[in-house]
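Residue strings, one per chain:
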Amino acid sequence: MRRLVAVLTVIVAALLAAAPARAESFPIAEIMRATALDEIFTQFGAGIAAAARSEDVSNDEAFLDHWESTALAIFDAARLHERLTRALEGRFSETEQQALASFFRSGFGERMTVLERDIARLPPEAQLTALAAGMALAADAGAVRSRLFDDLVQLVGAEISVSMVGQSVRALLVALAVSQQQGDIEVPWPAIDAQIEAMMPGLLAEVSRTQRAMMAYAYRDLSDEDLSRYIAFLRTEPAQKLYGIAASAVGRIIADGMARFGDALSTRLRSVNI
(Lines give C-alpha, C1' and ligand atoms only; values in the text may rest on other atoms or scores of the structure.)
Protein backbone atom coordinates (compact mmCIF):
# COMPACT_ATOMS: atom_id res chain seq x y z
CA MET A 1 0.00 0.00 0.00
CA ARG A 2 2.76 2.46 0.91
CA ARG A 3 4.44 1.88 -2.47
CA LEU A 4 1.22 2.73 -4.30
CA VAL A 5 0.62 5.85 -2.18
CA ALA A 6 4.19 7.00 -2.76
CA VAL A 7 4.15 6.53 -6.52
CA LEU A 8 0.78 8.18 -7.05
CA THR A 9 1.53 11.09 -4.73
CA VAL A 10 4.78 11.72 -6.58
CA ILE A 11 2.83 12.21 -9.79
CA VAL A 12 1.10 15.25 -8.30
CA ALA A 13 3.74 16.42 -5.87
CA ALA A 14 5.44 18.25 -8.73
CA LEU A 15 2.20 19.92 -9.76
CA LEU A 16 2.30 23.31 -8.06
CA ALA A 17 -0.20 25.30 -10.10
CA ALA A 18 -2.76 25.13 -12.86
CA ALA A 19 -3.70 28.18 -14.86
CA PRO A 20 -6.91 28.33 -16.86
CA ALA A 21 -7.00 31.14 -19.38
CA ARG A 22 -8.49 32.45 -22.59
CA ALA A 23 -6.73 31.37 -25.74
CA GLU A 24 -6.09 34.89 -27.00
CA SER A 25 -3.86 35.87 -24.07
CA PHE A 26 -2.62 32.66 -22.47
CA PRO A 27 -3.45 29.46 -24.42
CA ILE A 28 -4.68 26.50 -22.40
CA ALA A 29 -2.09 24.28 -24.07
CA GLU A 30 0.64 26.57 -22.77
CA ILE A 31 -0.86 26.58 -19.30
CA MET A 32 -1.14 22.81 -19.24
CA ARG A 33 2.47 22.44 -20.23
CA ALA A 34 3.80 25.17 -17.92
CA THR A 35 2.17 23.59 -14.87
CA ALA A 36 2.60 19.90 -15.82
CA LEU A 37 -1.17 19.51 -15.84
CA ASP A 38 -0.76 17.81 -19.20
CA GLU A 39 1.05 15.02 -17.32
CA ILE A 40 -1.16 14.63 -14.25
CA PHE A 41 -3.21 11.73 -15.61
CA THR A 42 -0.46 10.19 -17.74
CA GLN A 43 0.45 7.49 -15.22
CA PHE A 44 -2.79 7.37 -13.24
CA GLY A 45 -4.56 4.78 -15.37
CA ALA A 46 -1.45 2.61 -15.59
CA GLY A 47 -1.10 2.82 -11.81
CA ILE A 48 -4.68 1.68 -11.25
CA ALA A 49 -4.25 -1.07 -13.84
CA ALA A 50 -1.11 -2.37 -12.13
CA ALA A 51 -2.43 -2.07 -8.58
CA ALA A 52 -4.38 -5.34 -8.35
CA ARG A 53 -1.35 -7.35 -9.47
CA SER A 54 1.37 -5.37 -7.65
CA GLU A 55 -0.58 -5.39 -4.37
CA ASP A 56 -1.29 -9.15 -4.65
CA VAL A 57 -5.05 -8.67 -4.58
CA SER A 58 -5.67 -11.82 -6.62
CA ASN A 59 -3.86 -14.63 -8.39
CA ASP A 60 -6.70 -15.16 -10.86
CA GLU A 61 -5.25 -14.22 -14.24
CA ALA A 62 -8.68 -13.82 -15.82
CA PHE A 63 -9.71 -11.36 -13.11
CA LEU A 64 -6.43 -9.46 -13.41
CA ASP A 65 -6.76 -9.22 -17.18
CA HIS A 66 -10.28 -7.80 -16.91
CA TRP A 67 -9.16 -5.40 -14.18
CA GLU A 68 -6.26 -4.10 -16.23
CA SER A 69 -8.14 -3.65 -19.49
CA THR A 70 -11.06 -1.91 -17.74
CA ALA A 71 -8.76 0.47 -15.87
CA LEU A 72 -6.85 1.45 -19.00
CA ALA A 73 -10.09 2.07 -20.88
CA ILE A 74 -11.82 4.12 -18.18
CA PHE A 75 -8.75 6.11 -17.13
CA ASP A 76 -7.55 6.91 -20.63
CA ALA A 77 -5.13 9.79 -20.13
CA ALA A 78 -6.01 11.68 -23.31
CA ARG A 79 -9.71 11.67 -22.44
CA LEU A 80 -9.07 12.78 -18.85
CA HIS A 81 -6.73 15.56 -19.96
CA GLU A 82 -9.33 16.73 -22.46
CA ARG A 83 -11.93 16.95 -19.73
CA LEU A 84 -9.53 18.90 -17.51
CA THR A 85 -8.81 21.30 -20.36
CA ARG A 86 -12.52 21.99 -20.75
CA ALA A 87 -12.82 22.62 -17.02
CA LEU A 88 -10.08 25.27 -17.21
CA GLU A 89 -11.44 27.22 -20.14
CA GLY A 90 -12.94 30.69 -19.74
CA ARG A 91 -12.63 30.91 -15.97
CA PHE A 92 -10.26 33.88 -15.58
CA SER A 93 -10.43 37.58 -16.32
CA GLU A 94 -7.96 39.19 -18.68
CA THR A 95 -6.16 40.80 -15.74
CA GLU A 96 -5.81 37.46 -13.99
CA GLN A 97 -4.57 35.80 -17.15
CA GLN A 98 -1.95 38.49 -17.62
CA ALA A 99 -0.73 38.07 -14.03
CA LEU A 100 -0.38 34.32 -14.49
CA ALA A 101 1.28 34.67 -17.88
CA SER A 102 3.72 37.20 -16.45
CA PHE A 103 4.97 34.62 -13.99
CA PHE A 104 5.00 31.50 -16.14
CA ARG A 105 6.60 33.25 -19.11
CA SER A 106 9.35 34.78 -16.97
CA GLY A 107 12.77 33.22 -16.71
CA PHE A 108 12.04 32.09 -13.17
CA GLY A 109 8.64 30.71 -14.12
CA GLU A 110 10.17 28.76 -16.99
CA ARG A 111 12.77 27.38 -14.60
CA MET A 112 10.02 26.17 -12.27
CA THR A 113 8.24 24.56 -15.21
CA VAL A 114 11.34 22.53 -16.10
CA LEU A 115 11.70 21.31 -12.51
CA GLU A 116 8.06 20.34 -12.21
CA ARG A 117 7.92 18.56 -15.56
CA ASP A 118 11.11 16.64 -14.80
CA ILE A 119 9.55 15.27 -11.62
CA ALA A 120 6.11 14.64 -13.11
CA ARG A 121 7.59 12.57 -15.95
CA LEU A 122 9.73 10.26 -13.83
CA PRO A 123 8.82 6.59 -14.30
CA PRO A 124 7.62 4.74 -11.16
CA GLU A 125 10.95 3.20 -10.14
CA ALA A 126 12.75 6.53 -10.58
CA GLN A 127 10.01 8.20 -8.53
CA LEU A 128 10.68 5.85 -5.63
CA THR A 129 14.42 6.57 -5.87
CA ALA A 130 13.70 10.31 -5.87
CA LEU A 131 11.37 9.87 -2.90
CA ALA A 132 14.08 8.15 -0.86
CA ALA A 133 16.56 10.91 -1.69
CA GLY A 134 13.95 13.53 -0.85
CA MET A 135 13.26 11.95 2.53
CA ALA A 136 16.94 12.36 3.42
CA LEU A 137 17.01 15.95 2.17
CA ALA A 138 13.85 16.85 4.11
CA ALA A 139 15.25 15.29 7.28
CA ASP A 140 18.44 17.36 6.96
CA ALA A 141 16.68 20.64 6.11
CA GLY A 142 17.21 23.53 8.50
CA ALA A 143 14.43 25.39 10.26
CA VAL A 144 13.97 28.02 7.54
CA ARG A 145 13.82 25.54 4.67
CA SER A 146 11.51 23.25 6.63
CA ARG A 147 9.07 26.13 7.09
CA LEU A 148 9.21 26.79 3.35
CA PHE A 149 8.32 23.16 2.66
CA ASP A 150 5.44 23.48 5.13
CA ASP A 151 4.17 26.51 3.22
CA LEU A 152 4.43 24.73 -0.12
CA VAL A 153 2.54 21.68 1.14
CA GLN A 154 -0.19 23.94 2.51
CA LEU A 155 -0.45 26.08 -0.63
CA VAL A 156 -0.20 23.49 -3.35
CA GLY A 157 -0.98 19.93 -4.15
CA ALA A 158 -2.61 18.78 -0.92
CA GLU A 159 -6.17 18.61 -2.24
CA ILE A 160 -5.14 17.08 -5.56
CA SER A 161 -2.79 14.59 -3.92
CA VAL A 162 -5.34 13.47 -1.36
CA SER A 163 -7.98 13.07 -4.07
CA MET A 164 -5.75 10.98 -6.32
CA VAL A 165 -4.32 8.85 -3.54
CA GLY A 166 -7.74 8.41 -1.94
CA GLN A 167 -9.28 7.25 -5.22
CA SER A 168 -6.34 4.92 -5.84
CA VAL A 169 -6.81 3.28 -2.45
CA ARG A 170 -10.54 3.16 -3.22
CA ALA A 171 -9.67 1.19 -6.36
CA LEU A 172 -7.73 -1.34 -4.28
CA LEU A 173 -10.73 -1.78 -2.00
CA VAL A 174 -12.89 -2.35 -5.07
CA ALA A 175 -10.44 -5.03 -6.20
CA LEU A 176 -10.53 -6.75 -2.83
CA ALA A 177 -14.33 -6.66 -2.76
CA VAL A 178 -15.12 -7.88 -6.27
CA SER A 179 -12.29 -10.42 -6.55
CA GLN A 180 -13.97 -12.43 -3.80
CA GLN A 181 -17.41 -12.44 -5.43
CA GLN A 182 -18.98 -14.70 -8.01
CA GLY A 183 -22.17 -14.50 -10.00
CA ASP A 184 -24.11 -11.30 -9.31
CA ILE A 185 -21.08 -9.10 -8.66
CA GLU A 186 -21.69 -5.68 -7.11
CA VAL A 187 -19.34 -3.01 -5.78
CA PRO A 188 -20.18 -2.31 -2.10
CA TRP A 189 -19.66 1.45 -2.35
CA PRO A 190 -21.02 2.40 1.12
CA ALA A 191 -18.70 -0.06 2.87
CA ILE A 192 -15.74 1.02 0.75
CA ASP A 193 -16.36 4.70 1.42
CA ALA A 194 -16.64 4.01 5.15
CA GLN A 195 -13.24 2.31 5.01
CA ILE A 196 -11.73 5.26 3.14
CA GLU A 197 -13.09 7.68 5.74
CA ALA A 198 -11.53 5.61 8.53
CA MET A 199 -8.21 5.52 6.67
CA MET A 200 -8.16 9.22 5.81
CA PRO A 201 -6.06 10.47 8.78
CA GLY A 202 -3.31 8.03 7.87
CA LEU A 203 -3.56 8.87 4.18
CA LEU A 204 -3.32 12.59 4.91
CA ALA A 205 -0.19 12.06 6.99
CA GLU A 206 1.39 9.88 4.29
CA VAL A 207 0.57 12.36 1.52
CA SER A 208 2.03 15.25 3.51
CA ARG A 209 5.21 13.32 4.28
CA THR A 210 5.63 12.28 0.65
CA GLN A 211 4.95 15.77 -0.69
CA ARG A 212 7.59 17.30 1.58
CA ALA A 213 10.12 14.72 0.43
CA MET A 214 9.40 15.23 -3.26
CA MET A 215 9.57 19.01 -2.89
CA ALA A 216 12.90 18.65 -1.12
CA TYR A 217 14.14 16.57 -4.05
CA ALA A 218 12.58 18.57 -6.88
CA TYR A 219 13.81 21.92 -5.52
CA ARG A 220 17.11 20.72 -4.11
CA ASP A 221 19.08 23.16 -6.27
CA LEU A 222 16.89 26.17 -5.45
CA SER A 223 17.90 28.61 -2.75
CA ASP A 224 15.65 29.57 0.13
CA GLU A 225 15.18 32.90 -1.64
CA ASP A 226 13.97 31.12 -4.77
CA LEU A 227 11.47 29.09 -2.75
CA SER A 228 10.25 32.23 -1.00
CA ARG A 229 9.75 33.89 -4.37
CA TYR A 230 7.70 30.98 -5.61
CA ILE A 231 5.61 30.91 -2.44
CA ALA A 232 4.93 34.63 -2.85
CA PHE A 233 3.50 33.95 -6.31
CA LEU A 234 1.39 31.04 -5.05
CA ARG A 235 -0.15 33.33 -2.43
CA THR A 236 -1.42 35.83 -4.99
CA GLU A 237 -5.17 35.86 -5.67
CA PRO A 238 -4.86 34.68 -9.29
CA ALA A 239 -2.63 31.75 -8.26
CA GLN A 240 -4.94 30.75 -5.42
CA LYS A 241 -7.94 30.94 -7.73
CA LEU A 242 -6.36 28.87 -10.46
CA TYR A 243 -5.13 26.27 -8.02
CA GLY A 244 -8.57 25.95 -6.46
CA ILE A 245 -10.24 25.47 -9.85
CA ALA A 246 -7.70 22.87 -10.92
CA ALA A 247 -7.93 20.94 -7.66
CA SER A 248 -11.71 20.84 -7.80
CA ALA A 249 -11.69 19.70 -11.44
CA VAL A 250 -9.12 16.94 -10.89
CA GLY A 251 -10.99 15.64 -7.85
CA ARG A 252 -14.28 15.56 -9.74
CA ILE A 253 -12.76 13.88 -12.80
CA ILE A 254 -11.14 11.01 -10.92
CA ALA A 255 -14.12 10.50 -8.60
CA ASP A 256 -16.43 10.23 -11.61
CA GLY A 257 -13.93 7.92 -13.29
CA MET A 258 -13.74 5.65 -10.27
CA ALA A 259 -17.52 5.30 -10.13
CA ARG A 260 -17.59 4.40 -13.84
CA PHE A 261 -14.69 2.00 -13.34
CA GLY A 262 -16.45 0.12 -10.56
CA ASP A 263 -19.64 -0.18 -12.57
CA ALA A 264 -17.81 -1.23 -15.75
CA LEU A 265 -15.69 -3.79 -13.94
CA SER A 266 -18.61 -5.43 -12.13
CA THR A 267 -20.63 -5.55 -15.36
CA ARG A 268 -17.73 -7.11 -17.21
CA LEU A 269 -17.07 -9.71 -14.52
CA ARG A 270 -20.73 -10.66 -14.39
CA SER A 271 -20.76 -11.16 -18.15
CA VAL A 272 -17.95 -13.71 -17.97
CA ASN A 273 -19.20 -15.25 -14.70
CA ILE A 274 -15.98 -14.81 -12.74
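These numbers were taken from a predicted model, which means no experiment stands behind them.

Visitor: Help me understand the pattern of salt bridges, please; the structure alone is not making it clear to me.
Guide: Between side chains of opposite charge, pairing is possible as soon as their charged atoms come close. For the structure on display, the rule yields 17 salt bridges. One salt bridge connects Asp256 with Arg83, and the closest N-O pair in it is separated by 2.6 Å. Remark: Arg83 occurs in helix α5 (residues 77-88) and Asp256 occurs in helix α13 (residues 237-272); sequence separation between them is 173 residues. Judged by its relative accessible area of 33%, Asp256 falls in the partly exposed class. Glu96 is paired through a salt bridge with Lys241; the nearest N and O atoms lie 3.1 Å apart.

Visitor: Please clarify how the side chain of Arg212 should be interpreted in this entry.
Guide: Position of Arg212 relative to the elements: it lies in helix α11 (residues 189-218). A distance of 3.4 Å separates a polar side-chain atom of Arg212 from the backbone oxygen of Ser146. Apart from the residues within four sequence positions on either side, Arg212 is in contact with Ala138, Ser146, Phe149, Asp150 and Val153.

Visitor: Looking at this structure, I do not really get the packing of helix α2 (residues 28-35) against helix α7 (residues 107-120). What am I missing?
Guide: Between two packed helices, both the angle of their axes relative to each other and the distance between the axes serve to describe the pair. At their nearest, the axes of α2 and α7 sit 7 Å apart, and the two run at 70° to each other. As far as their axial angle goes, α7 and α2 are roughly perpendicular. Residues Met32, Arg33, Ala34 and Thr35 of α2 pack against Thr113, Glu116 and Arg117 of α7. Here the contact of α2 with α7 is built from residues that sort into 2 nonpolar, 2 polar and 3 charged.

Visitor: When you look at the nonpolar core in this model, what are you seeing that I'm missing?
Guide: When a protein is soluble and globular, its nonpolar side chains tend to lie buried together. Within the largest apolar cluster, 85 residues are counted, with the highest numbers of intra-cluster contacts made by Trp67 and Leu84. Dropping the residues within four chain positions of it, Trp67 is found in contact with Ile48, Ala49, Ala52, Ala171, Val174, Ala175, Phe261 and Leu265.

Visitor: Explain the packing of aromatic side chains to me, please; I cannot follow it from the model alone.
Guide: Aromatic ring pairs are described here by two measures, namely the spacing of the ring centres and the angle between the planes. A complete count under the given rule lists 10 aromatic pairs for this structure. Plain terms: the ring middles of Trp67 and Phe261 are 4.8 Å apart, the flat faces sit at 90° to each other, and that makes the pair edge-to-face. Pair noted here: Trp67 is in helix α4 (residues 61-74) and Phe261 is in helix α13, with a separation of 194 residues, a long-range link. Both residues of the pair, Trp67 and Phe261, count as buried. Seen from their ring centres, Phe104 and Phe233 are 5.5 Å apart, and the 85° between their planes marks the pair as edge-to-face. Within this pair, whereas Phe104 is found in helix α6 (residues 94-104), its partner Phe233 is found in helix α12 (residues 224-234), the two being separated by 129 residues in sequence. The exposure class assigned to Phe104 is buried, which follows from its relative accessible area of 5%.

What counts as what
Residues numbered from 1 in each chain as written. Predicted model: local features only at pLDDT ≥ 70, side-chain atom pairs only at ≥ 80, totals over all residues. Heavy atoms only, no water. Salt bridge = Lys/Arg side-chain N within 4 Å of Asp/Glu carboxyl O. Helix = DSSP H or I, 4+ residues; strand = E, 2+ residues; numbered from the N terminus. Buried < 20%, exposed > 50% of the residue type's maximum accessible area, 1.4 Å probe, protein only. Polar contact = N/O pair within 3.5 Å; in protein donor to acceptor, adjacent residues only side chain to side chain. Contact = heavy atoms within 4.5 Å. Axes fitted to C-alpha atoms, helices over the stretch in contact; angles between N-to-C directions. Parallel < 35°, antiparallel > 145°, perpendicular 65-115°, else oblique. Nonpolar A, V, L, I, M, F, W, Y, C, P; charged D, E, K, R; others polar. Core = buried A, V, L, I, M, F, W, Y, C linked by side-chain atoms within 4.5 Å. Phe/Tyr/Trp six-rings, centres within 6.5 Å; stacked < 30°, edge-to-face > 60°.

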